[in-house]
Amino acid sequence: MSTEASNDTKPVTDGDDGAGVESEDNEQNDTQADETEVLSKRQRKRLLRLQQWEERRDLRKQQRKEKKQKRRLERQAQGDEETEWLMKKRRCKEATPSSLRLVVDCSFDSLMMLRAVKKLHNQIQRCYAENRRALHPVQFYLTSHGGQLKQNMDEKDKGWVNWKDIRIMPEHFQDVFDKKELVYLTSDSPIVLEELDENKAYVIGGLVDHNHHKGLTFKRAQELGIDHAQLPLGSFVKMNSRKVLTVNHVFEIILAYLEKRDWQEAFFTVLPQRKGAIPVGQEGSATKDEAEEQDSDSDSDSAEPIAKKKCFGARDQPESGEQGGQEAEHSQSGQPITEGTAA
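Residues numbered from 1 in each chain as written. Predicted model: local features only at pLDDT ≥ 70, side-chain atom pairs only at ≥ 80, totals over all residues. Heavy atoms only, no water.

Points about the overall build of the chain
Step number 1: Secondary structure assignment for the chain yields 11 helices and 11 strands.
Step number 2: Counting only residues that meet the buried cut, the chain has 40% of its 343 residues in that class.
Step number 3: When the accessible surface of the chain is totalled, it reaches about 20000 Å², and 47% of it is carbon and sulfur. (Helix = DSSP H or I, 4+ residues; strand = E, 2+ residues; numbered from the N terminus. Buried < 20%, exposed > 50% of the residue type's maximum accessible area, 1.4 Å probe, protein only. Areas by Shrake-Rupley, 256 points an atom, 1.4 Å probe, with all protein chains shown as cover.)

Below you can see the structure in the form of structure tokens.
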């Protein structure tokens, strides 16, 4: 009797276990369905676009190569490529290093959002590339290097550890240079720089802040008890749009001045044409419509070329993405106010 009862109960037990497994499978399927239903229509579209973007990565790369090859063939057809290459190569060989030191102060890392830090990284890349191809390259220093900036460079530009002709250090610039040698370039300084002293170390504030920290670089220079000055932009240039001087703008202007020894020519070599820069005294030559159009472009994050390049070759410029800048406004005296750079 007991044996028969035991046998009778086995099918029932087995049937119960099968039902439990099936119930668990149904619950998992329901959970997955619920998770799928949680995504909104917009989220699904966004995921689809992201997937399509990734799938077309190789195609975009191939298209860029084909476009570059097409431009090369066009130059060859014009017969200009060889002559241009020889001129650039000769220019590189004739480069005479300057003893002037340019320092990008990266001690403002904690005051910037990651997006601004990425812009600063792009500007530093531009400075490095321009200095490598300059006729009179300066002694380039990057101080207070760390935090978000270093992390972004490690992730996006691992080759920075192999950069040449640049000194990248975590120390603050005041721990590297003698106080008497330092001049902080800030547009808030009442002192206008007329000549560059190649025995000095000129500091450019590595701050992309869109005027959220007005007067900070000038205050920093005063607190440290070091000399300060602003570039003579207002004495030579009138711009019909808001002033945007990025770190690399200031860096390139100084490089251009070392070559040309003329401030006005240096400014007009570097400043973007879209800014409507014109010589002082010729303010009436630009129309109001042109000024408004130029101003509407001033906040563009695209990596637009700043000036026609002088020397390329093996030391070409790193590819940069969006380009940031510090916005400046007119004071009553007409001098631009630009945070983190000199004006």
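Moving on from the model shown.
Quick word on the confidence of the model for the chain
Step number 1: For the chain, per-residue confidence averages 75 on the pLDDT scale, and 63% of positions sit at 70 or higher.
Step number 2: A low-confidence stretch, residues 1–15 (pLDDT under 50), is modelled with zero contacts involving residues beyond four sequence positions or located in other chains.
Step number 3: In this model, residues 285–343 is a region of pLDDT below 50 whose contacts with residues beyond four sequence positions or in other chains number 177 contacts. (pLDDT = per-residue confidence, 0-100. Contact = heavy atoms within 4.5 Å.)

Description of the packing of helix α5 (residues 114–133) against helix α9 (residues 247–260)
Step number 1: Close contact between α5 and α9 brings their axes to 8 Å; oriented N to C, the two are set at 15°. By the angle between their directions, the pair α5 and α9 is classed as roughly parallel. In terms of crossing hand, the pair formed by α5 and α9 is right-handed. Along the contact surface, α5 presents Leu120, Gln123, Arg126, Cys127, Glu130 and Asn131, while α9 presents Val247, Asn248, Phe251, Glu252 and Leu255.
Step number 2: Among the residues making up the contact of α5 with α9, the classes are represented as five nonpolar, three polar and three charged. (Axes fitted to C-alpha atoms, helices over the stretch in contact; angles between N-to-C directions. Parallel < 35°, antiparallel > 145°, perpendicular 65-115°, else oblique. Left-handed = near helix turned anticlockwise from the far one by under 90°. Nonpolar A, V, L, I, M, F, W, Y, C, P; charged D, E, K, R; others polar.)

Here's the deal with the packing of aromatic side chains
Step number 1: By the definition in use, this model includes seven aromatic pairs.
Step number 2: Pairing Phe173 with Tyr184 gives two aromatic rings, centres 5.9 Å apart and planes at 70°, and the pair type is edge-to-face. Of this pair, Phe173 sits in the loop between β3 (166–168) and β4 (182–185) while Tyr184 sits in strand β4; the two residues are 11 residues apart in sequence, bridging distant segments of the chain. Accessibility classification places Phe173 together with Tyr184 in one group, the buried group.
Step number 3: Put simply, the rings of Phe236, Tyr257, Trp263 and Phe267 pair up and form one aromatic cluster. (Phe/Tyr/Trp six-rings, centres within 6.5 Å; stacked < 30°, edge-to-face > 60°.)

Some details on the sheet that holds β3
Step number 1: Spatially, six strands are ordered β3-β2-β1-β5-β4-β6 in an open sheet, and the strand pairing comes out parallel. Of all the strands in the sheet, just β3 and β6 (227–229) have a single pairing partner and so form its edges. The average angle at which neighbouring strand axes cross in this sheet is 25°, direction not considered.
Step number 2: Against the sheet, helix α7 (residues 216–224) engages β1 (101–105), β4, β5 (201–205) and β6, with an angle of about 160° to β4. (Pairing = 2+ DSSP bridges.)

A look at unusual backbone geometry
Step number 1: Even without being glycine, Ser144 reaches a positive phi, approximately 55°.
Step number 2: Owing to a relative accessible area of 14%, Ser144 belongs among the buried residues under this scheme.
Step number 3: For Asp165, which is not a glycine, the phi torsion comes out positive at approximately 55°.
Step number 4: Relative to the helices and strands, Asp165 resides in the loop between α6 (147–156) and β3.
Step number 5: With relative accessibility at 53%, the residue Asp165 sits in the exposed group.

Some remarks on the nonpolar core
Note that soluble globular proteins tend to have their nonpolar side chains buried in a common cluster.
Step number 1: Phe173 and Leu196 are the most contacted members of the largest nonpolar core, which totals 61 residues.
Step number 2: It is α9 that contributes the most residues to this core, nine residues altogether.
Step number 3: Ignoring sequence-local partners within four residues, the contact set of Phe173 consists of Val103, Asp105, Thr143, Leu182, Tyr184, Val203, Leu224 and Ile226. (Core = buried A, V, L, I, M, F, W, Y, C linked by side-chain atoms within 4.5 Å.)

Looking at the pairing of strand β2 (residues 139–143)
Step number 1: For β2, a buried count of four out of five residues is recorded, marking the element as mostly surrounded by other parts of the structure.
Step number 2: Pairing analysis gives five bridges linking β1 to β2, with the strands arranged parallel. Each residue of the ladder has a partner; that of Arg101, found in β2, is Gln139.
Step number 3: In terms of handedness, the path from β1 via α5 over to β2 forms a crossover that is right-handed. (Right-handed = clockwise from strand over helix to strand, strands pointing away.)

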